[in-house]
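# Structural overview for review
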Amino acid sequence: MEKLLSEIRKRNLKFDLYFSRSEANSVTFEQSELKDLTRKAIEGVGLRVIKDGKVGFSSSNDTNDIEMIDMALNSAKYGKLAKFDFQKIEPYKCSFGSEEDRLDFEKLYPVSKEIVNYLQNKYSAKVDIDLTEIRTVINITNSNSDVIAQNLSASFSFSTGIFSITPSGFVMSYMWDWKPTALTEEDLWNVVKKLEMTLISYDKVASIKTGKYNVIFSPMTLLSTLGLSVNMGVNGYYLTRGISPLKDKLNEKILSEKITIMDLPLDEFPGRREFDDEGVRTENREIISNGFLKNFLFDLDTAADMNKLTTGNGKRGSFSNMPSPAFHNFYVKEGDKPIETIIKEQKQAIFFIFPIGGGQSNLLMGDYSLNVGLGYLIENGEIVGRIKDTMISGNIYEDFQRVLEISRESQYVPSFFGGSTFFKLPHILVENVSVTTK
């Protein structure tokens, strides 16, 4: 992008320039059949300018596309009023994940095939598998800097899911994990073991009635409830529009004192970053501390709208997007008890493993209503069978005031709803949740 950057600087523009390259190698099985052995590489640049006090933007797959300069300037005529200026960028060069390791197709393809056969035969299931290596390069500079900030990262992930029609009905479950170094055969089978832990009594059916139950929310269901609602509620985008239910709640108690939620860009997560997509330094910070709201998330634009400072949370979905606020890595602090102990202590409860769909709800306001794809009835400390034709609903800012326990174990979960946020979530036991069944 040197030619493009040189031309931009010649014009003496107020700008920031974002370059990204992503290389992905993957093995994919769909419905138990090999779908793809792929190698993909995508790169491009995004140019943001401020002209006559307004923001313009353009992007291109051609990293030396001079025409995109005029396109960005022209778009500024219709752009948003810029209340911010670009910050001076330090000469960061950050690297995360192994530079030497590679996805070993020759070794792991037969293991993947073995896993497909194992799950297919044991559970009469169709099996999906995704085994992926992703390497990214991000370069950022702007008109207030003579240097380029660079982030290099590598991660290796494996996921598997099953879909089966059984005498107990349709069954589906899913598990995902990752490492910053190359995956081994043992890593893949460990994910399978975790998946099987969600299938303890998948072939038995338990009967329940509509009412209030203690509910154990798994990491997957926490993503679709607490994770998404808090993600939006503390986001500067919704705060500037005055539509976040948390806009006037700073330093107030909004969840149980057992819950602490952090953004951890500097910890070992797939989304580790030492600077955000505007070149601003990141830092680990508590968002909710023992139930009290402590921080919001801002990029340069939303921070200026709110007369605040950016929190280093400007994120881009790709080079073709302008920044907007987002978590880097969404983390809910674990508790002290193993999930097995929490289950054994329940006289009667629902163990909500996997939802179907997004439900009919207003997640921004904290409302949720999820159909139970896979869930179990617990009686006298034992899982007795699956619950069917069941919906669990409520409001996270009300229900998650009544947290009884948080598990010692946690699980990495990727966002299934777009964006580049990753989650690390425990199991959470909530008292007296509304459960509706036929």
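What you are looking at is a predicted structure, and each value in this text was computed from that prediction instead of being measured.

In terms of helices and strands, the protein chain carries nine helices and 20 strands. Computed over C-alpha atoms, the radius of gyration of the protein chain comes to 23 Å, within 12% of the 22 Å expected from 2.2 N^0.38 for 438 residues, which places it in the range of a compact globule. Taken over the C-alpha atoms alone, the protein chain extends approximately 75 × 55 × 35 Å along its principal axes. Counting only residues that meet the buried cut, the protein chain has 56% of its 438 residues in that class. Contacts in the protein chain between residues far apart in sequence, at least 24 positions, make up 72% of those at least 6 positions apart.

As enumerated under the stated definition, the model contains 16 aromatic pairs in all. Ring centres of Phe 217 and Tyr 368 lie 6.1 Å apart, and the angle between their planes is 85°; this geometry places the pair in the edge-to-face category. Taken together, the positions of Phe 217 in strand β8 (residues 211–217) and Tyr 368 in strand β16 (residues 367–379) put the pair 151 residues apart, joining distant regions of the chain. Look at Phe 217 and you get buried, because its relative accessible area is 0%. Taking the centre distance of 4.6 Å and the plane angle of 55° together, the rings of Phe 327 and Phe 330 count as tilted. The class of Phe 327 is buried, set by a relative accessible area of 0%. Connected via pairs of aromatic rings, a cluster forms that spans Phe 96, Trp 178, Phe 269 and Tyr 412. Note that Arg 241 overlies the ring of Tyr 237, its terminal NZ or CZ placed 3.7 Å from the centroid.

With respect to the helices, strands and loops of the structure, Lys 308 is situated in the loop between α7 (300–305) and β12 (314–315). On the accessibility criterion, Lys 308 (48% relative accessible area) is partly exposed. Remark: the alpha-carbon pair of Lys 308 and Val 116, spanning 192 residues in sequence, is separated by 51 Å. Setting aside anything within four residues of it in sequence, one finds Lys 308 in contact with Phe 298 and Ala 303.

In the contact formed by helix α3 (residues 105–123) and helix α4 (residues 185–197), the axes pass within 10 Å of each other and the chain directions differ by 20°. One element, α3, and the other, α4, form an angle in the roughly parallel class. Regarding α3 and α4, the two cross each other, and that crossing is right-handed. On α4, the residues that touch Leu 108, Val 111, Ser 112, Glu 114, Ile 115, Tyr 118, Leu 119, Lys 122 and Tyr 123 of α3 are Glu 185, Leu 188, Trp 189, Val 192, Leu 195 and Glu 196. Residues of the contact of α3 with α4, tallied by class, amount to 10 nonpolar, one polar and four charged.

Let us look at the pattern of salt bridges. Inspection of every chain in the model, using the stated rule, returns 24 salt bridges. As a salt-bridge pair, Glu 252 and Lys 249 come within 4.0 Å of each other at their nearest N and O atoms. The class of Glu 252 is partly exposed, set by a relative accessible area of 36%. Residues participating in the shared-partner salt-bridge network are Asp 16, Arg 48, Glu 278 and Arg 316.

Turning our eyes to something else, we now look at the nonpolar core. Within the largest apolar cluster, 101 residues are counted, with the highest numbers of intra-cluster contacts made by Leu 255 and Phe 400. No other element matches the eight residues that strand β20 (residues 422–437) contributes to this core. When residues no more than four places from it in sequence are discounted, the contact partners of Leu 255 are Leu 226, Val 230, Ile 261, Ile 288, Gly 291, Ile 396, Tyr 397, Phe 400 and Gln 401. Formed by 16 residues, the second largest nonpolar core is a distinct cluster that contains Ile 8, Leu 47, Met 68 and Val 137.

With that out of the way, let us pick up the side chain of Ser 164. Relative to the helices and strands, Ser 164 resides in strand β6 (residues 149–166). Within polar-contact distance, the side chain of Ser 164 engages the backbone oxygen of Tyr 123 at 2.9 Å. Only 3.0 Å separates the side chain of Ser 164 from the backbone oxygen of Ser 124, close enough to count as a polar contact. In this view, Ser 164 contacts Tyr 123, Ser 124, Ala 125, Gly 169, Phe 170 and Val 171; residues no more than four positions away in its chain are not counted.

Cut-offs applied
Residues numbered from 1 in each chain as written. Predicted model: local features only at pLDDT ≥ 70, side-chain atom pairs only at ≥ 80, totals over all residues. Heavy atoms only, no water. Helix = DSSP H or I, 4+ residues; strand = E, 2+ residues; numbered from the N terminus. Rg over C-alpha atoms; globule rule 2.2 N^0.38 Å. Buried < 20%, exposed > 50% of the residue type's maximum accessible area, 1.4 Å probe, protein only. Contact = heavy atoms within 4.5 Å. Phe/Tyr/Trp six-rings, centres within 6.5 Å; stacked < 30°, edge-to-face > 60°. Lys NZ or Arg CZ within 6 Å of the ring centre and 35° of its normal. Axes fitted to C-alpha atoms, helices over the stretch in contact; angles between N-to-C directions. Parallel < 35°, antiparallel > 145°, perpendicular 65-115°, else oblique. Left-handed = near helix turned anticlockwise from the far one by under 90°. Nonpolar A, V, L, I, M, F, W, Y, C, P; charged D, E, K, R; others polar. Salt bridge = Lys/Arg side-chain N within 4 Å of Asp/Glu carboxyl O. Core = buried A, V, L, I, M, F, W, Y, C linked by side-chain atoms within 4.5 Å. Polar contact = N/O pair within 3.5 Å; in protein donor to acceptor, adjacent residues only side chain to side chain.

Everything listed here is a matter of geometry and, on its own, says nothing about what the molecule does.
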